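# Overview (structure and organization)
Here is what each chain is made of, one letter per residue.
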Amino acid sequence: PPFITPGSKFIDEHAARRLSRLAASGDLVRVRRGLYLPAGFWEGLKPWEKYRIRIQAVHELAACRPVFAREYAAQIMGLPLIRTPLPGELGPLPR
């Protein structure tokens, strides 16, 4: 899905602070720092779809092309997972 970002052409009039306020109010969901999705869209997703979007967010924010392994790679290739990893298991972006 196209993420909503502070520089997005869809919402040029909104700054990062406005997006943060919309996320705090429940209108948007912060997928990763600077990447948001409409709350209604997010809530309609299944857990493994949310996981896939989180992986996509990591890819979009990475300074250099990331290499995904294990559950991340399986999800990207469309392989079934025994369980959907928790949000914190995706970890921080490498610097």
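Residues numbered from 1 in each chain as written. Predicted model: local features only at pLDDT ≥ 70, side-chain atom pairs only at ≥ 80, totals over all residues. Heavy atoms only, no water.

### Considerations on the overall build of the protein
Tallying secondary structure elements over the protein gives four helices and two strands in all. Reading the protein from its N end, one meets helices and strands in the order α-β-β-α-α-α. Counting all 95 residues of the protein, 31% fall into the buried class. In the protein, the proportion of contacts linking residues at least 24 apart, taken out of those at least 6 apart, comes to 46%. Accessible area of the protein: about 6,700 Å², with a carbon and sulfur share of 57%. (Helix = DSSP H or I, 4+ residues; strand = E, 2+ residues; numbered from the N terminus. Buried < 20%, exposed > 50% of the residue type's maximum accessible area, 1.4 Å probe, protein only. Contact = heavy atoms within 4.5 Å. Areas by Shrake-Rupley, 256 points an atom, 1.4 Å probe, with all protein chains shown as cover.)

### Here's the deal with the nonpolar core
Counting ten residues, the largest nonpolar core consists of Phe 3, Val 29, Val 31, Leu 35, Leu 37, Ala 39, Trp 42, Leu 45, Ile 53 and Ala 57. Breaking this core down by element, the ones donating at least two residues are strand 1 (28–32), strand 2 (35–38), helix 2 (39–43) and helix 3 (47–61). In terms of nonpolar packing, the next biggest core, distinct from the first, is built from five residues, Ile 4, Leu 19, Leu 22 and Leu 28 among them. (Core = buried A, V, L, I, M, F, W, Y, C linked by side-chain atoms within 4.5 Å.)

### So, the environment of Arg 18
Checked against the element boundaries, Arg 18 lands in helix 1 (residues 16–25). Each C-alpha atom of the pair Arg 18 and Pro 6 lies 8.6 Å from the other, and the pair is twelve residues apart in sequence.

### Describing unusual backbone geometry
Even without a glycine there, the phi angle at Arg 70 is positive, about 55°. Here Arg 70 lies in helix 4 (residues 70–76).

### Regarding the pattern of salt bridges
The final tally for this structure, using the stated rule, is one salt bridge. Measuring nitrogen to oxygen at the nearest pair gives 3.7 Å for the salt bridge that ties Arg 70 to Glu 71. (Salt bridge = Lys/Arg side-chain N within 4 Å of Asp/Glu carboxyl O.)

### Some details on the pairing of strand 2
Relative to strand 2, strand 1 runs antiparallel, the two being bridged by four bridges. Paired with Arg 32 across the two strands is Leu 35, which belongs to strand 2. Two successive antiparallel strands, strand 1 and strand 2, enclose a turn made up of two residues, where Gly 34 displays a positive phi of approximately 85°. (Pairing = 2+ DSSP bridges.)

### Some remarks on the environment of Gln 56
Looking at where Gln 56 falls in the secondary structure, it is placed in helix 3. For Gln 56, a relative accessible area of 22% corresponds to the partly exposed category. Leave out the neighbours within four places in its chain, and Gln 56 touches Pro 1 and Phe 3.

### Description of the side chain of Gln 75
Along the chain, the position of Gln 75 falls in helix 4. Classification of Gln 75 as buried rests on a relative accessible area of 12%. Polar contacts involving the side chain of Gln 75 include one to the main-chain carbonyl oxygen of Trp 48, which spans 3.3 Å. Leaving out residues up to four positions away in the same chain, Gln 75 has contacts with Trp 48, Tyr 51, Arg 52, Ile 55 and Leu 81. (Polar contact = N/O pair within 3.5 Å; in protein donor to acceptor, adjacent residues only side chain to side chain.)

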